[in-house]
Amino acid sequence: MYKSPTIFHCFITIIIIISFVLLSGSVSATKYEEDIGIYELNNGHFSVKLTNWGATIVSVFLPDKNGKVEDVILGYDNIDTYKNDSTYFGAIVGRVANRIGGAKFTLNGTSYKLHANEKGNILHGGTPGFSDVVWKVKKYEKDCESPCITFTYHSFDGEQGFPGDLKVMVTYSLLGKYKLRVKMEAKSLNKATPVNLAQHMYWNLGGHNSGDVLSQKIKIFGSHITPTDDELIPTGKIVSVKGTPYDFLKPYTIKSKIGGLPDGYDINYVLDGEKGKKMKVAAVVWDDKSGRSMKLTTDTPGVQFYTGNYVKDVKGKGGCVYEAHAGLCLETQGFPDAVNHRKFPSQIVNPGEIYKHNMLFSFSIEDKKDLGSI
């Protein structure tokens, strides 16, 4: 015999449904947290730790000329801090790295308004950009001659205002002795879209907690820069570095040149050498005290040299507090704001095409003070 439910029974049913929904949400949140991990690539005294939060490099450990192993990039002790980070420590940034003026562009007759996150402009793909999402781990091989890990991310059509679905992949691998390769790819699935990925590590070859990098030497293989306005948006010009504080065609300490700039370096260099997707040297950095040097080669047309000008009172690893110039960035890239400057190399990837971006960091540990031969 059917009996109509009472108000009490209905109330109990509602409570059960609400509890189930809340429990499901809790389980989902827990699963989301469990999907974020720390992974290590190790090759003797050379090791790199990473997380799939932002496809981020968390640490790079290298010995100095006395055999002391130290972490040579800035970062944090836990993942939660990376989630609230505004410095982009060690992360992959995109869909379009650097800045797009006015957070807008026009492509194939269609105007796109992006999600501005810096003075009406968009920086490093907006908020959240690729640095603030969970990437999937596609491959992780740690017990082999060349340990590697591959992260993937699907960027949806309209994410931060960008058109089209984009499948993104980055692979980190250790090659031989003291070599770190970063291989980035992105495939446009259905619409033409700009793509300009960058790896945003802050290097301090003296050790992440050794103070500023101003005494370190740098040589940049770029005889021209793309100057910017007061909001760091390129003017569209390409000018020579000769006779300016930007001239590092020969190795100089950073402090010997930085006095001619109000804040420090934050500029895109036009790399010399053969044009096209050929690997070429972008920069060499040398730390006199530790004996560590780093050579960066890439197949991109530009590299952003940034001296951490806006880092202030940032609590990093082991309680270390980072200040301005605590690290330097060498972000190989296409030219900033290229979508709004026809003379700059195009960053547009059409459906079915694959964007490729390669970097190779080669480290040496020796007591050598002359970079002129490099």
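Thresholds, definitions, all that
- Residues numbered from 1 in each chain as written.
- Predicted model: local features only at pLDDT ≥ 70, side-chain atom pairs only at ≥ 80, totals over all residues.
- Heavy atoms only, no water.
- UniProt positions renumbered as here; feature names shortened; annotations may be inferred.
- Helix = DSSP H or I, 4+ residues; strand = E, 2+ residues; numbered from the N terminus.
- Buried < 20%, exposed > 50% of the residue type's maximum accessible area, 1.4 Å probe, protein only.
- Contact = heavy atoms within 4.5 Å.
- Areas by Shrake-Rupley, 256 points an atom, 1.4 Å probe, with all protein chains shown as cover.
- Core = buried A, V, L, I, M, F, W, Y, C linked by side-chain atoms within 4.5 Å.
- Polar contact = N/O pair within 3.5 Å; in protein donor to acceptor, adjacent residues only side chain to side chain.

Identification of the protein chain as Aldose 1-epimerase from Lactuca virosa is taken from an unreviewed UniProt entry. Heading Sequence similarities (unreviewed entry) of the UniProt record for the protein chain holds this comment: "Belongs to the aldose epimerase family." As stated in UniProt under Catalytic activity (unreviewed entry), the record for the protein chain gives "alpha-D-glucose = beta-D-glucose".

Q: Explain the overall build of the protein chain to me, please; I cannot follow it from the model alone.
A: Broken down by element type, the protein chain carries three helices and 28 strands. Classification of the 374 residues of the protein chain by burial places 52% in the buried group. For the protein chain, long-range pairs separated by at least 24 residues make up 66% of all intrachain contacts whose partners lie at least 6 apart in sequence. In the form shown here, the protein chain has an accessible surface area of approximately 17,400 Å², with 54% of it arising from carbon and sulfur atoms.

Q: Explain the nonpolar core here, please?
A: It is characteristic of soluble globular proteins that their nonpolar side chains tend to be buried jointly. Within the largest apolar cluster, 62 residues are counted, with the highest numbers of intra-cluster contacts made by Tyr 172, Trp 203 and Tyr 269. Sort the elements by how many residues they give to this core and strand S12 (residues 166–174) lands first, with five residues. If sequence neighbours within four positions are ignored, Tyr 269 has contacts with Ile 220, Gly 222, His 224, Ile 225, Val 241, Tyr 246, Phe 248, Pro 301, Gly 302, Val 303 and Phe 305. Counting residues in hydrophobic clusters, the runner-up holds 16 residues, among them Ile 36, Trp 53, Val 311 and Ala 326.

Q: When you look at the UniProt feature "binding site: beta-D-galactose" (unreviewed entry) in the protein chain in this model, what are you seeing that I'm missing?
A: Under the UniProt annotation, "binding site: beta-D-galactose" (unreviewed entry) lies at Asn 98, Arg 99, His 200, Met 201, Tyr 202 and Asp 266. Inspection of the secondary structure puts Met 201 in the loop between strand S15 (198–199) and strand S16 (217–220). By relative accessible area, which is 2% here, Met 201 ends up buried. Contact partners of Met 201, with chain neighbours within four places excluded, come to Ile 57, Val 60, Ile 73, Gly 90, Leu 180, Leu 328, Cys 329 and Phe 361. Along the chain, Asp 266 turns up in strand S20 (residues 266–270). Among the polar contacts made by the side chain of Asp 266, one reaches the side chain of Gln 304 at a distance of 2.8 Å.

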